[in-house]
Amino acid sequence: MTNSIAEIEQSECMLVVGSNTTEAHPVLALRMKKAMRGGAKLLVVDPRKTWLAERADVHLQIKPGTDIPLMNAIANVIISEDLHNKQYVESLTEGFDEMKLAAAEWPVERAAATCEVDAGDIRKAARLYAAYKHAGIYYTLGITEHVCGVDNVRSLSNLALITGHLGYEATGVNPLRGQNNVQGCNDMGNNPVYLPGYQEVADGAAREKFSAAWGQQVSEIPGRRLDQMLDGLHDESIKAFFVMGEDPIVSEPNVEHVHVGFKKLELLISQDIFLNETAKIYADVVFPATCFAEKEGTFTNSERRVQRVRKAVDAPGEARTDLQIIFDLAKELGHDWGKAQPSKVWDEFARLSPNFSGINYARIEESGIQWPCPDVSHPGTKFLHEGAPIRGKGRLYPLDHIKPWEEADDDYPLTLSTGRTLYHYNAATQTLRNEGHREKQPKSFVEISAEDARELNIADKEEIVVQSRRGSIVSWAKVSEKVRKGVIWMPMHYAEASVNILTGDGKDLKVGTPEYKLCAVRLHKP
């Protein structure tokens with residue numbers, strides 16, 4: 001997030017895009033509710049009628065996969081009606097003329113037809129977002145899990161830059177992270193093009209610094225993304241797979257493709273707190289790990305706040321912390337790294353990473369600190385880009401519509417979108433083991449509009465088959481006003497009705513993020 005969570009309460013206008021915030025981020029959503037009670041305007045872009053959408057000043061219930069045409073049209077309204085921040089654009093951005101021309105290709109009426117929303121609502125949303133000083137953008141996987149995910153984010157960045165809604169409180173472009181400590185994982189270098197602290201592998205000076213610290217020459221060749229690893233199972237360039245805290249045969253798209261690849265492996269290691277579905281079928285070695293309450297360390301949340309995690313209870317059985325397992329494995333491979341101390345790992349990371357150099361365990365004993373924090377006298381950074389964008393000038397991007405990898409047609413006439421619910425989390429490795437969660441939401445379901453249900457002669461709670469070009473699953477109909485005609489929605493949590501049997505091979509053209517948010521399907525009775 002460019003900004004802080006607490007600032008949400010100060011918002012005058014919130015643009016929430018592709019985020020079912022009250023279910024996926026219920027605690028953070030409380031801040032949004034407080035802002036709404038204080039009079040903040042709420043603009044929601046979502047193919048589903050979520051809790052926030054029902055209460056929005058404007059709900060743009062777009063056709064899935066049409067975010068860029070919509071954002072271009074909003075930008076076009078802001079610019080053509082002279083609502084943009086000219087001083088900010090002229091002095092602190094680059095690429096405005098090119099971006100303006102691209103946006104002009106999407107007049108409101110054209111975008112409305114493509115997105116299948118009301119043209120008046122597009123204009124109203126644009127004017128409201130531009131009108132308020134404290135207007136922030138909040139998005140999640142509904143924006144990123146598309147073939148054009150990176151450009152979707154850039155389209156949101158364009159809006160923030162042309163209005164100057166950046167660099168002060170209750171503004172910015174704010175991704176709400178999809179998993180606990182996913183921000184911390186990225187910070188530590190869990191991205192193949194980065195070394196720890198977002199220092200690029202392509203940077204020779206950065207490679208030399210880490211090579212000297214680690215006593216091992218760091219390769220100039222980046223590692224593989226997850227999608228590239230999974231492809232590598234099929235060309236047999238990948239022989240072994242080490243899975244930590246993931247359940248790929250539930251969470252990855254086109255699951256049958258994953259199954260075929262895993263069957264070719266010579267070795268699969270699973271490191272998790274439970275024996276998940278992947279481990280049950282494919283693991284040759286299982287390392288029982290510990291949960292958050294059974295270990296020491298740090299988590300970093302969506303607002304870049306590094307916080308201490310403290311052990312509260314002992315781990316069961318032979319379970320060890322993730323760090324201890326890695327240290328023990330390194331020793332077996334001939335590298336003795338000494339005692340597995342989280343503080344020691346953090347200190348090395350901070351010493352080598354300028355944006356984190358001022359954070360240490362002593363400073364975060366009582367409360368967390370937000371990076372960037374370059375030295376121990378620095379208080380941390382509440383919001384980014386104060387005074388000017390960090391890179392000097394914010395880059396504006398000329399963007400155009402990119403069609404989804406797969407669209408509905410005569411053979412598969414419905415669009416399936418997937419996501420999370422309030423009661424379960426990701427592959428439900430933990431939540432489906434809990435009686436209370438199971439009681440609230442025991443099985444998979446398919447949200448379908450009343451109109452589609454009538455046309456297909458499907459009754460509420462009726463067992464139905466959902467089929468795509470990759471496979472089929474059995475689930476239960478939930479006739480709902482939440483989804484628009486032609487679109488169905490399913491949760492991703494249930495192994496016995498794994499929605500990712502249906503999803504396809506589409507992925508972001510730049511970073512490989514799977515297109516979970518839409519594929520073509522059809523429904524029929526068993």
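Rules and cut-offs
- Residues numbered from 1 in each chain as written.
- Predicted model: local features only at pLDDT ≥ 70, side-chain atom pairs only at ≥ 80, totals over all residues.
- Heavy atoms only, no water.
- 1 Å grid on protein atoms, 1.4 Å probe; cavity = no way out; pocket = protein on both sides within 12 Å on 5 of 7 lines; lining within 4 Å.
- Points joined across faces, edges and corners; volume = space filled by probe spheres on them.
- Helix = DSSP H or I, 4+ residues; strand = E, 2+ residues; numbered from the N terminus.
- Nonpolar A, V, L, I, M, F, W, Y, C, P; charged D, E, K, R; others polar.
- Salt bridge = Lys/Arg side-chain N within 4 Å of Asp/Glu carboxyl O.
- Pairing = 2+ DSSP bridges.
- Axes fitted to C-alpha atoms, helices over the stretch in contact; angles between N-to-C directions.
- Parallel < 35°, antiparallel > 145°, perpendicular 65-115°, else oblique.
- Left-handed = near helix turned anticlockwise from the far one by under 90°.
- Contact = heavy atoms within 4.5 Å.
- Expected span 1.5 Å × (residues − 1).
- Buried < 20%, exposed > 50% of the residue type's maximum accessible area, 1.4 Å probe, protein only.

Looking at the layout of surface pockets
Within this model, the second largest pocket holds a volume of roughly 270 Å³. If you trace the second largest pocket, you find it lined by Lys440, Gln441, Pro442, Lys443, Ser444, Phe445, Asp460, Lys461, Trp476, Ala477 and Lys478. Sorting elements by how many residues they give to the lining of the second largest pocket places strand β19 (residues 472-479) first, with 3 residues. Residue composition of the lining of the second largest pocket, grouped by class: 4 nonpolar, 2 polar and 5 charged.

Re empty space enclosed by the protein
Throughout the structure, instances matching the rule amount to 1 cavity of 30 Å³ or more. Each pocket or cavity is described by its volume, and for the largest cavity that value is around 30 Å³. What lines the largest cavity is Trp405, Gly504, Asp505, Gly506, Glu515, Leu518 and Cys519. Residues belonging to the lining of the largest cavity are distributed by class as follows: 3 nonpolar, 2 polar and 2 charged.

A look at the pattern of salt bridges
A complete count under the given rule lists 33 salt bridges for this structure. The closest approach of N and O atoms between Glu9 and Lys34, which form a salt bridge, is 4.0 Å. With a gap of 25 residues between them, Glu9 in the segment before β1 (13-17) and Lys34 in helix α2 (residues 26-37) connect regions that are remote in the sequence. Arg225 is the partner of Asp227 in a salt bridge, and the nearest nitrogen-oxygen pair spans 2.9 Å. Shared partners join several salt bridges into a network, and the residues in it are Arg225, Asp227, Asp231 and Lys507.

Some thoughts on the sheet that holds strand β10 (residues 267-272)
Spatially, the 3 strands line up as an open sheet ordered β9-β10-β11, and their pairing is parallel. Sheet topology places β9 (240-244) and β11 (285-288) at the edges, where each strand pairs with a single neighbour. Ignoring strand direction, the axes of neighbouring strands in this sheet form an average angle of 10°. As paired strands, β9 and β10 are joined by 5 bridges and run parallel to one another. What sits directly across from Met244, in β10, is Gln271.

Comments concerning the packing of helix α4 (residues 67-80) against helix α7 (residues 108-115)
Helix-helix packing: each pair is described by the crossing angle between the helix axes and the interaxial distance. Here α4 crosses α7 at 160°, and the two axes come no closer than 9 Å. With respect to their mutual orientation, α4 and α7 come out roughly antiparallel. The interaxial crossing formed by α4 with α7 has left-handed handedness. Residues Pro69, Leu70, Ala73 and Val77 of α4 form the contact with α7, whose own contacting residues are Val108, Ala111, Thr114 and Cys115. Residue classes in the contact of α4 with α7 are distributed as 7 nonpolar, 1 polar and no charged.

Brief notes about helix α10 (residues 149-163)
Every α-helix winds through 3.6 residues per turn, so residues three or four apart in the chain are directed the same way. In this model α10 runs 22 Å from its N-terminal to its C-terminal C-alpha over 15 residues, within 8% of the 21 Å that 1.5 Å per residue would give. Taken as a whole, α10 has its buried residues at Gly149, Asp151, Asn152, Ser155, Leu156, Asn158, Leu159, Ala160, Leu161, Ile162 and Thr163. Downstream of α10 by a residue or two, Gly164 has a phi angle that is positive, lying close to 75°.

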